[in-house]
Amino acid sequence: MKKIYLAFAMLLTMTACTQNKPSQQAESNKTEVGDNKLADCDITLNGIHFTKSINGGDKLVTDSSAIITVRANPNADFFIDPNEKISQDDAGILLTEVDNTKPFTFKGKVTSGFLKEGGLYNAATFFVFANDTLWQKLCFEQGDHGEHRIVSVRTIGTSDDNNHDVVDSAKSVYFKISSDTHTIASYFSLDGQEWQMVRIYRNNYPQKLYLGICSQAPQAEECVSTFEELSLNTDNVDDFRMGN
């Protein structure tokens, strides 16, 4: 009889563990932040305190009259090719830390260092960075046919590459990245008022997360981009479809 009671107790314990497993597994989906490439820095721009940089990103930035100028490292990009042919991780990025257990909205006006000749994939970029293989960038980029367009790249181990709207008529665009802790979405705007959604997905980033700015020049010696009206708030958009 004791053996029967013992077996029954063990069965109850196993059932309790099984019932608790989904919540534990959901929590484990929040991948831990890695800092293999992160270096300390101390720069405040537009009231945002940037404390980390990648590939000397803090040395590529100047600030004058609230206009932040960011130079690209020559021939530098941040991309993990799914075909393992054109991967690069040498772009300079400037980052500020956020608590991803709380809402946030990061936005600003970006002007890319487009070139009249060459400059393929030159871009001014907003970054969401967790670790070397878990990040996203939102770019105002010089495209394959010389067009200027919105591009997003989401990286989970390897990178995807998504071409969005062509905006040849615009010298500058506005970017916004917002999270309510469960959902994270990226937007662009031509006037800073009416927003177009670029992409939206589940926020599976870790508690400690970084947001940042970057200028990239994958196939050029230079890309000088500017960032204005940067802001970082502890709230989120009300409507994730409309971006307002």
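In this convention, every chain numbers its residues from 1, walking through the sequence in written order. Since the coordinates come from a predicted model, pLDDT governs what is reported: local features require at least 70, and pairs of side-chain atoms require 80 or more to be given and counted, while whole-chain, interface and lining totals use all residues. Side-chain metrics in this entry use all non-hydrogen atoms of the structure; hydrogen atoms and water are not considered.

1. Quick word on the overall build of the chain
Then, in step 1: Where helices and strands are cited, they refer to DSSP runs of H or I of at least four residues and of E of at least two residues respectively, numbered from the N terminus. The number of helices and strands found in the chain is one helix and 18 strands.
Then, in step 2: Only protein chains enter the accessibility calculation, which uses a 1.4 Å probe; a residue whose area is less than 20% of its type maximum is buried, one above 50% is exposed, and one in between is partly exposed. Taking all 244 residues of the chain together, 47% fall into the buried category.
Then, in step 3: Put simply, of all contacts in the chain between residues at least 6 apart along the chain, 62% involve residues at least 24 apart.
Then, in step 4: Areas reported as accessible are Shrake-Rupley estimates using a 1.4 Å probe. Residue values count occlusion only from the protein chains shown. Just so you have it, the chain exposes about 12,600 Å², and 49% of that area is on carbon and sulfur atoms. The contact definition used throughout considers only heavy atoms, calling two residues in contact when any of these lie within 4.5 Å.

2. Focus on the pattern of salt bridges
Then, in step 1: Salt bridge, as used here, is a side-chain nitrogen of Lys or Arg placed within 4 Å of a carboxyl oxygen of Asp or Glu. Per the stated rule, a full pass over the model turns up six salt bridges.
Then, in step 2: Taking the shortest distance from any N to any O, the salt bridge between Asp-40 and Lys-52 comes out at 2.4 Å. Within this pair, whereas Asp-40 is found in strand S1 (residues 39-45), its partner Lys-52 is found in strand S2 (residues 48-54), the two being separated by 12 residues in sequence.
Then, in step 3: The exposure class assigned to Asp-40 is exposed, which follows from its relative accessible area of 63%.
Then, in step 4: Ionic pairing is found between Glu-147 and Arg-149, a salt bridge with its closest N-O pair at 2.9 Å.

3. Concerning the sheet that holds strand S16 (residues 196-202)
Then, in step 1: Here, any two strands with at least 2 DSSP bridges between them count as paired. The seven strands are arranged S3-S4-S18-S8-S14-S15-S16 in an open sheet whose pairing can be described as antiparallel. Sheet topology places strand S3 (61-64) and S16 at the edges, where each strand pairs with a single neighbour. Taking the axes of each pair of neighbouring strands and ignoring which way they run, one obtains an average angle of 20° across the sheet.
Then, in step 2: Inspection of the sheet shows strand S14 (residues 173-179) paired to strand S15 (residues 183-189) by six bridges, in the antiparallel sense. Considered in S15, the bridge of Ser-179 is made with Ile-184. Here, axes are lines fitted to C-alpha atoms. For helices the fit covers the stretch in contact, and angles between N-to-C directions go from 0 to 180 degrees.

4. Observations regarding unusual backbone geometry
Then, in step 1: In this structure, Asn-55 takes a positive phi of about 55° despite not being glycine.
Then, in step 2: Relative to the elements of secondary structure, Asn-55 occurs in the loop between S2 and S3.
Then, in step 3: The residue Glu-229 is not glycine, and still its phi comes out positive at about 55°.
Then, in step 4: Looking at the element boundaries, Glu-229 is found in strand S18 (residues 224-233).

5. A few points about the side chain of Thr-155
Then, in step 1: Structurally, the position occupied by Thr-155 is in strand S11 (residues 148-156).
Then, in step 2: Identification of polar contacts relies on pairs of N or O atoms within 3.5 Å, with a donor-acceptor requirement for protein atoms, meaning one able to donate a hydrogen and the other able to accept it, and with residues adjacent in sequence counted only if both atoms are side-chain atoms. Polar contacts involving the side chain of Thr-155 include one to the side chain of Ser-159, which spans 2.6 Å.
Then, in step 3: Leave out the neighbours within four places in its chain, and Thr-155 touches Ile-80, Thr-133, Leu-134 and Trp-135.

6. Re the confidence of the model for the chain
The predicted structure's coordinates, where accompanied by low pLDDT, should not be read in detail.
Then, in step 1: In predicted models, pLDDT denotes the confidence assigned by the predictor to each residue on a 0 to 100 scale. Averaged over every residue, the pLDDT of the chain is 89; the share at 70 or more is 85%.
Then, in step 2: Low pLDDT, under 50, characterises residues 1-33; the predicted model gives this stretch 20 contacts beyond four residues in sequence or across chains.

7. What about the environment of Ser-186?
Then, in step 1: Within the secondary structure, Ser-186 is located in strand S15.
Then, in step 2: Distance from Ser-186 to Phe-240, taken between C-alpha atoms, is 9.2 Å for residues 54 residues apart in sequence.
Then, in step 3: One polar contact links Ser-186 to Gln-136, side chain to side chain, over a distance of 3.0 Å.

8. With respect to the nonpolar core
Nonpolar side chains tend toward joint burial in soluble globular proteins.
Then, in step 1: Nonpolar cores were defined as sets of buried Ala, Val, Leu, Ile, Met, Phe, Trp, Tyr and Cys residues, with membership established by side-chain atoms within 4.5 Å. In this structure, Phe-126, Ile-150, Phe-175, Ile-213, Phe-227 and Leu-230 are the most contacted members of the largest nonpolar core, which totals 36 residues.
Then, in step 2: It is strand S9 (residues 123-131) that provides the largest number of residues to this core, a total of four residues.
Then, in step 3: If we ignore the near neighbours within four places in the chain, the residues touching Phe-227 are Ala-66, Ile-67, Ile-68, Val-70, Lys-109, Val-110, Ala-124, Thr-125, Phe-126, Ile-213 and Cys-214.
Then, in step 4: Ranked by size, the runner-up nonpolar core spans 18 residues in total, among them Ile-54, Ala-76, Phe-127 and Cys-139.

9. Focus on the side chain of Ser-186
Then, in step 1: Ser-186 sits in the buried class, given a relative accessible area of 0%.
Then, in step 2: Residues within four places of Ser-186 in sequence aside, it is in contact with Gln-136, Leu-138, Lys-176, Ile-177, Gln-196, Met-197, Val-198 and Arg-199.

10. Remarks on the environment of Asn-162
Then, in step 1: Its place among the elements puts Asn-162 in strand S13 (residues 162-166).
Then, in step 2: Each C-alpha atom, one on Asn-162 and one on Arg-199, is 9.5 Å from the other, the two residues being 37 residues apart in sequence.
Then, in step 3: Here Asn-162 is in contact with Ile-150, Val-151, Ser-152 and Arg-199, once residues within four sequence places are set aside.

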